[in-house]
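Breakdown of the fold
Letter by letter, the chains look like this.
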Amino acid sequence: MGIQELLHNVAERSGFRTYAAALAAPNLSDAVRFPYGPFQFKTQLPKGTAYVVLASTDLKNWTTISNSTAGLDPIEYVDSEAFKFSCRFYRVLAGAVQSRNVLGYVSVTLPPGFSMIANPLEGPASRVADVFREWPDGTSLNKYDTHLFGLDKNEVKDGRWSDGSENLLPGEGAIFFNPTQDYKSHSFVGEVLQGNLSMPIPQGFSIRSSLVPQPGVLDELLFPIADGDVIHLFDRDRQKYVLYPYVDGKWSAEAPVVSAGESFWVAKAKPGNWTRSLVIGG
């Protein structure tokens, strides 16, 4: 059964008919990922509007996970199955109208010691103090300043980040230090960037990550690799870097594979732009 037929049947059973032309695109907001548990977001639709919630783990294949009819109160959707997935993304269809944005989460495991991380989602709160709440003293996050050619230092002391207003935005990256002896799960929550996206890659060293929360081989992610470039991935389990030189139009060994929520060092021979185009629909 297609989505439109499903919507029609829901509306008929509820005694309402949907009129797509009169509907404004729903806006999804107030995303929350509960630790190791559900994901929640809110939206508002006119009373009597039949709608479906769709979910995806790759932003390509979408599955209907709920269908219902809006009442007077704002819709608070809770995905109790979220614990089964390391990442999941959500959109809503009301009639033939798609929500104007896609929300979701990406979870990463932070082992004791260092990790190279990235925030692949845009959110209303991208400050370090908001993204990394309740981490213990000794936790640190270091971004690389391409103008000063050095790492900044941001750490938790006396229960507070030394620079809580620092941002970690999509496309950037940082070195994160977990001072505990435990593997900890951390979820980035927010909106998937869409449209024509671009991230400058300067000559020399920088820390970068994908603007789109998708894992894959760097070539498949359209990274502007060129002769003389070297990618440095950090093996968080062995706590060491693995180098991937690009010489004579090919990788010297296997191509690097990057996970969603992972950043990496780039040693770029010449500057470039990492461009992506993403439009979610259909």
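Before any of the text, the structure's been laid out above.
What about the environment of Ala24?
As for its position among the elements, Ala24 is in the loop between helix H1 (3–14) and strand E1 (29–33). It is 44 Å that separates the C-alpha atoms of Ala24 and Pro111, two residues lying 87 residues apart in sequence.

Observations regarding the side chain of Ser263
Among the structural elements, Ser263 can be located in the loop between strand E23 (257–258) and strand E24 (264–268). Given a relative accessible area of 0%, Ser263 falls into the buried group. Side-chain polar atoms of Ser263 contact the backbone oxygen of Ile117, separated by 2.8 Å. Once residues within four sequence positions are removed from consideration, Ser263 is found in contact with Met116, Ile117, Ala118, Glu172, Gly173, Ala174, Ile207, Arg208 and Ser209.

With respect to unusual backbone geometry
One non-glycine residue, Asp30, lies in the positive phi region at around 55°. One non-glycine residue, Leu222, lies in positive phi territory at about 65°. Topologically, Leu222 is positioned in the loop between strand E19 (216–217) and strand E20 (230–235).

A short note on the sheet that holds strand E15 (residues 174–178)
Strands in a sheet are paired, the pairing made by backbone hydrogen bonds, and the direction either parallel or antiparallel. Strand order in the open sheet formed by 5 strands is E9-E15-E10-E13-E14, and the pairing between neighbours is antiparallel. Each of the sheet's edge strands pairs with one partner strand only, and the pair in question is strand E9 (113–117) and strand E14 (160–161). Examined bridge by bridge, strand E10 (residues 140–142) and strand E13 (residues 154–157) share 2 bridges and lie antiparallel to one another. Paired with Ser140 across the bridge in E13 is Glu155.

A look at the pattern of salt bridges
Two side chains that carry opposite charge are able to pair once their charged atoms sit near each other. Taken as a whole and judged by the stated rule, the model has 10 salt bridges. The residue Lys84 makes a salt bridge to Glu81 at a minimum N-O spacing of 2.4 Å. Accessibility expressed as a relative area gives 54% for Lys84, which makes it exposed. Of the charged contacts in the structure, one is a salt bridge between Glu155 and Lys157, with a shortest N-O distance of 3.5 Å. Owing to a relative accessible area of 53%, Lys157 belongs among the exposed residues under this scheme. Several salt bridges share partner residues, and in doing so they unite Arg127, Asp130 and Arg133 into one network.

Quick look at the environment of Pro38
With respect to the helices, strands and loops of the structure, Pro38 is situated in the loop between E1 and strand E2 (39–43). Separated by 43 residues in sequence, Pro38 and Glu81 have C-alpha atoms that sit 6.5 Å apart. Aside from chain neighbours lying at most four places away, what touches Pro38 is Val32, Arg33, Val78, Asp79, Ser80 and Ala82.

A closer look at the pairing of strand E5 (residues 75–79)
Burial along E5 is one-sided: the residues Ile75, Tyr77 and Asp79 are buried and none of Glu76 and Val78 is. Here 5 bridges tie E2 to E5, and the two strands are oriented antiparallel to one another. By the bridge assignment, Lys42 is partnered in E5 with Glu76.

With respect to the pairing of E9
The element E9 is extensively covered by neighbouring structure, given that 4 of its 5 residues are classed as buried. In this structure, E9 lies alongside E15, joined through 5 bridges in antiparallel fashion. Among the inter-strand pairings, Phe114 is bridged to a residue of E15, identified as Phe177.

A few points about the sheet that holds strand E18 (residues 204–208)
Here we have 5 strands laid out as an open sheet, ordered E18-E24-E20-E21-E22, and antiparallel in their pairing. Across the chains shown, the open sheet's two edge strands, defined by having one partner strand only, are E18 and strand E22 (250–251). Sheet topology places E18 next to E24; 5 bridges connect them, and they run antiparallel. Bridge pairing links Phe205 to Ala267 in E24.

Some words on the environment of Gln181
You can see Gln181 is positioned in the loop between E15 and strand E16 (184–191). Each C-alpha atom of the pair Gln181 and Gly113 lies 8.2 Å from the other, and the pair is 68 residues apart in sequence.

Notes on the nonpolar core
In this structure, Leu59, Phe89, Phe223, Ile231 and Phe264 are the most contacted members of the largest nonpolar core, which totals 33 residues. In terms of nonpolar packing, the next biggest core, distinct from the first, is built from 18 residues, Phe41, Tyr51, Val53 and Ile75 among them.

Scoring rules and cut-offs
Residues numbered from 1 in each chain as written. Predicted model: local features only at pLDDT ≥ 70, side-chain atom pairs only at ≥ 80, totals over all residues. Heavy atoms only, no water. Helix = DSSP H or I, 4+ residues; strand = E, 2+ residues; numbered from the N terminus. Buried < 20%, exposed > 50% of the residue type's maximum accessible area, 1.4 Å probe, protein only. Polar contact = N/O pair within 3.5 Å; in protein donor to acceptor, adjacent residues only side chain to side chain. Contact = heavy atoms within 4.5 Å. Pairing = 2+ DSSP bridges. Salt bridge = Lys/Arg side-chain N within 4 Å of Asp/Glu carboxyl O. Core = buried A, V, L, I, M, F, W, Y, C linked by side-chain atoms within 4.5 Å.

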